[in-house]
Amino acid sequence: MFDYLVVGAGFAGSVIAERLASQAGKRVLLCDRRPHIGGNAYDCYDDAGILIHKYGPHIFHTNSRRVFEYLSQFTRWRPYEHRVLASVEGQLLPIPINLDTVNRLYGLDLRSEELEAWFAQRAEPRAAIRTSEDVVVSKVGRDLYEKFFRHYTRKQWGLDPSELDASVIARIPVRTNRDDRYFTDTYQYMPLHGYTRLFENMLAHPNIKILLNTDYREILGLIPFREMIYTGPIDEFFDYRFGKLPYRSLEFHFETIDMPWVQPVAVINYPNEHAYTRVTEFKHLSGQEHRQTTVVYEYPRGDGDPYYPVPRPENAELYKRYKELADETPHVHFVGRLATYRYYNMDQVVGQALALFDKLVGRASAEEGAAA
Ligand code: FAD
Ligand code: UDP
């Protein structure tokens, strides 16, 4: 008898499995319908021997010391600060928008102190910031919005920014200085030997058994367990009872090129050209040395593997109905990006799983206390 069946071997499932096994002495069965652990953070070596991320570029960054120290038990790190350029009107310009972006795009020579006023002249005041359009237009005005955000977003989400919650584009700051890093978090590192190695170390505990190529429904009734942790899509768990929750998908096209480097930075965004949104050159992320290089193109799709929850009011309403069902379902705990329908980064998912563990063991000790 297993104490827990954990469905999904991504960050959510693997963290909770590791904590339950190593800190609470629980016997855990971890299953995933994919043929590998790691969920969307899975990486592997391609035919050329270059480390690639199978489900698109994953860059680790966090402000949470707890999350960073927790993961540091399972990997060494390589310091890495992510930089992205956007291809706009024939130039490769820093994104997030900063002083250099504006000066180079408009042929200006503004100083940092002047840029605030320059933005203010162009900004369109909005009474309330509800949508992703409001976020940008109210800060930097319509022209930068059109050139950097509107069309990228329409490609990525199949929706106009005016139809998406403010939180989506609010992920990207606007700067008046020359800082061209994509993130400003305290901890910015890549796992030295990749994510899959990190997951292998995390799950190498005798109390954890792993079953790959296995949808949990195939083993229900065959393998007994006490409680379930579910990290897949929440609407699927309830057989789409209230209808499908929208998830955005991507198609990845990988290409290996006979040159050591093809891009000046890891990621180039294409807001206005091409059907793809961005191109990532992996060697920038890993620091790997190789005479060839591999890049991936991301083509947004409506159908396919669920990668992104779509933050907008009607979806939040629908999720709420599933969440109520989830709260009423005994012995099943929902955690992770798909199971809680949140546009979470890896560190947020790790934090969420650690919090669930605290709750589970807190509850367990309260029950033991009551029984004693
Ligand atoms: P997942 O990794 O999706 O794991 C869920 C697992 O459950 C999957 O492996 C799935 O196969 C399995 N599963 C589902 N249903 C079943 C079932 N019925 N039976 C068995 N198994 C099942 N985050 C960052 O911090 N930095 C980044 O740079 C970054 N880039 C990203 C780029 C892309 C293109 C995408 C899509 C995401 C990115 N993320 C990034 C987010 C990151 O991928 C997630 O935060 C994280 O992987 C979520 O972990 P999870 O365990 O919740 O979900
Ligand atoms: N975005 C944009 N232009 C860019 C970069 C981002 O319009 O050059 C918008 C777009 O809607 C995107 C969102 O900001 O989906 C969040 O960007 P991020 O890079 O965080 O997306 P992710 O890495 O999660 O795909």
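See the structure printed just above.
Residues numbered from 1 in each chain as written. Chains lettered and ligands numbered in written order. Predicted model: local features only at pLDDT ≥ 70, side-chain atom pairs only at ≥ 80, totals over all residues. Heavy atoms only, no water.

**A word on the layout of surface pockets**
- In this structure, the second largest pocket spans a volume of roughly 410 Å³.
- Lining the second largest pocket are 21 residues; nearest its centre among them are Asp 327, His 333, Phe 334, Leu 356 and Lys 359.
- Sorting the residues of the lining of the second largest pocket by element identifies helix 12 (313–328), strand 17 (332–334) and helix 13 (346–371) as the ones contributing at least two each.
- The greatest single-element share of the lining of the second largest pocket, amounting to six residues, is contributed by helix 13.
- Taken together, the residues that form the lining of the second largest pocket break down as 11 nonpolar, five polar and five charged. (1 Å grid on protein atoms, 1.4 Å probe; cavity = no way out; pocket = protein on both sides within 12 Å on 5 of 7 lines; lining within 4 Å. Points joined across faces, edges and corners; volume = space filled by probe spheres on them. Helix = DSSP H or I, 4+ residues; strand = E, 2+ residues; numbered from the N terminus. Nonpolar A, V, L, I, M, F, W, Y, C, P; charged D, E, K, R; others polar.)

**Points about the side chain of Ser 132**
- Checked against the element boundaries, Ser 132 lands in helix 5 (residues 132–140).
- Since its relative accessible area comes to 0%, Ser 132 is described here as buried.
- Within polar-contact distance, the side chain of Ser 132 engages the backbone oxygen of Asp 165 at 2.7 Å. (Buried < 20%, exposed > 50% of the residue type's maximum accessible area, 1.4 Å probe, protein only. Polar contact = N/O pair within 3.5 Å; in protein donor to acceptor, adjacent residues only side chain to side chain.)

**Notes on the site of ligand 2**
- Near ligand 2 you find 16 residues, and of these Thr 153, Arg 171, Tyr 182, Tyr 308 and Tyr 343 are the closest.
- Residue Trp 157 places a side-chain N or O atom 2.9 Å away from an oxygen atom belonging to ligand 2.
- Note that an oxygen atom of ligand 2 is positioned 2.5 Å from one of the side-chain N or O atoms of Tyr 308.
- Contact with the protein chains covers 93% of the free accessible surface of ligand 2, which is 520 Å².
- Those elements giving two or more residues to the shell around ligand 2 turn out to be helix 6 (142–157) and helix 7 (166–169).
- It is helix 6 that contributes the most residues to the shell around ligand 2, six residues altogether. (Near = heavy atom within 4 Å. Areas by Shrake-Rupley, 256 points an atom, 1.4 Å probe, with all protein chains shown as cover.)

**Things to note about empty space enclosed by the protein**
- Within this structure, the stated rule accounts for two cavities of 30 Å³ or more.
- Surrounding the largest cavity, Asp 43, Leu 51, His 53, Arg 78, Met 190, Pro 191, Leu 192, Gly 194, Tyr 195, Leu 285 and Ser 286 form its lining.
- Secondary structure elements with two or more residues in the lining of the largest cavity: strand 4 (51–53), strand 9 (187–191) and helix 11 (283–286).
- In this structure, the second largest cavity occupies an estimated 30 Å³ of space.

**Here we look at helix 3 (residues 99–106)**
- With six of eight residues buried, helix 3 lies mostly within the body of the structure.
- Turning to helix 3, its buried residues are Leu 99, Asp 100, Thr 101, Val 102, Asn 103 and Leu 105.
- The inward-facing, buried residues of helix 3 contact strand 7 (84–88), strand 8 (91–95), helix 4 (112–122) and helix 6.
- N-capping of helix 3 is provided by Asn 98, with a side-chain oxygen placed 2.9 Å from the backbone N of Asp 100.
- Remark: Gly 107 follows helix 3 within two positions and exhibits a positive phi of approximately 65°. (Contact = heavy atoms within 4.5 Å.)

**Focus on the pattern of salt bridges**
- For the structure shown, the criterion picks out 31 salt bridges.
- A salt bridge links Glu 133 to Arg 142, with the nearest nitrogen and oxygen atoms 3.9 Å apart.
- The salt bridge involving Glu 298 is made with Arg 278; its shortest N-O contact spans 2.8 Å. With Glu 298 in strand 15 (residues 293–301) and Arg 278 in strand 14 (residues 278–281), this pair connects stretches of sequence that are 20 residues apart. Of the two residues, Glu 298 and Arg 278, neither departs from the other in class, the shared state being buried. (Salt bridge = Lys/Arg side-chain N within 4 Å of Asp/Glu carboxyl O.)

**What about the sheet that holds strand 5 (residues 60–62)?**
- The sheet built from three strands is open, its strands ordered 5-9-6 with antiparallel pairing. With one partner strand each, in any of the chains shown, strand 5 and strand 6 (77–79) form the two edges of the open sheet. Ignoring strand direction, the axes of neighbouring strands in this sheet form an average angle of 40°.
- Relative to strand 9, strand 6 runs antiparallel, the two sharing three bridges. Its bridge partner being in strand 9, Trp 77 is matched across the sheet by Pro 191.
- Taken strand by strand, helix 2 (residues 65–72) contacts strand 5, strand 6 and strand 9, and its axis lies near 140° from that of strand 5. (Pairing = 2+ DSSP bridges. Axes fitted to C-alpha atoms, helices over the stretch in contact; angles between N-to-C directions.)

**Structural notes on the packing of aromatic side chains**
- Summed over the entire model, instances satisfying the criterion amount to 31 aromatic pairs.
- Aromatic side chains Tyr 70 and Phe 74 sit 5.3 Å apart centroid to centroid with 70° between the ring planes, which places their arrangement in the edge-to-face category.
- A relative accessible area of 5% places Tyr 70 in the buried class.
- Judged by centre distance (6.1 Å) and plane angle (10°), the ring pair of Tyr 216 and Phe 237 falls under stacked. In this pair, Tyr 216 sits in helix 9 (residues 216–219) while Phe 237 sits in helix 10 (residues 234–237), placing the two residues 21 residues apart along the sequence. Here Tyr 216 and Phe 237 have matching classes, each one buried.
- Cluster of aromatic residues (ring-pair linked, three or more members): Tyr 216, Tyr 230, Phe 237, Phe 238, Phe 242, Tyr 322 and Phe 334.
- Sitting over the ring of Tyr 55, Arg 34 keeps its end group 4.0 Å from the ring centre.
- Arg 321 extends its terminal NZ or CZ atom over the ring of Phe 242, reaching a point 4.1 Å from the ring centre. (Phe/Tyr/Trp six-rings, centres within 6.5 Å; stacked < 30°, edge-to-face > 60°. Lys NZ or Arg CZ within 6 Å of the ring centre and 35° of its normal.)

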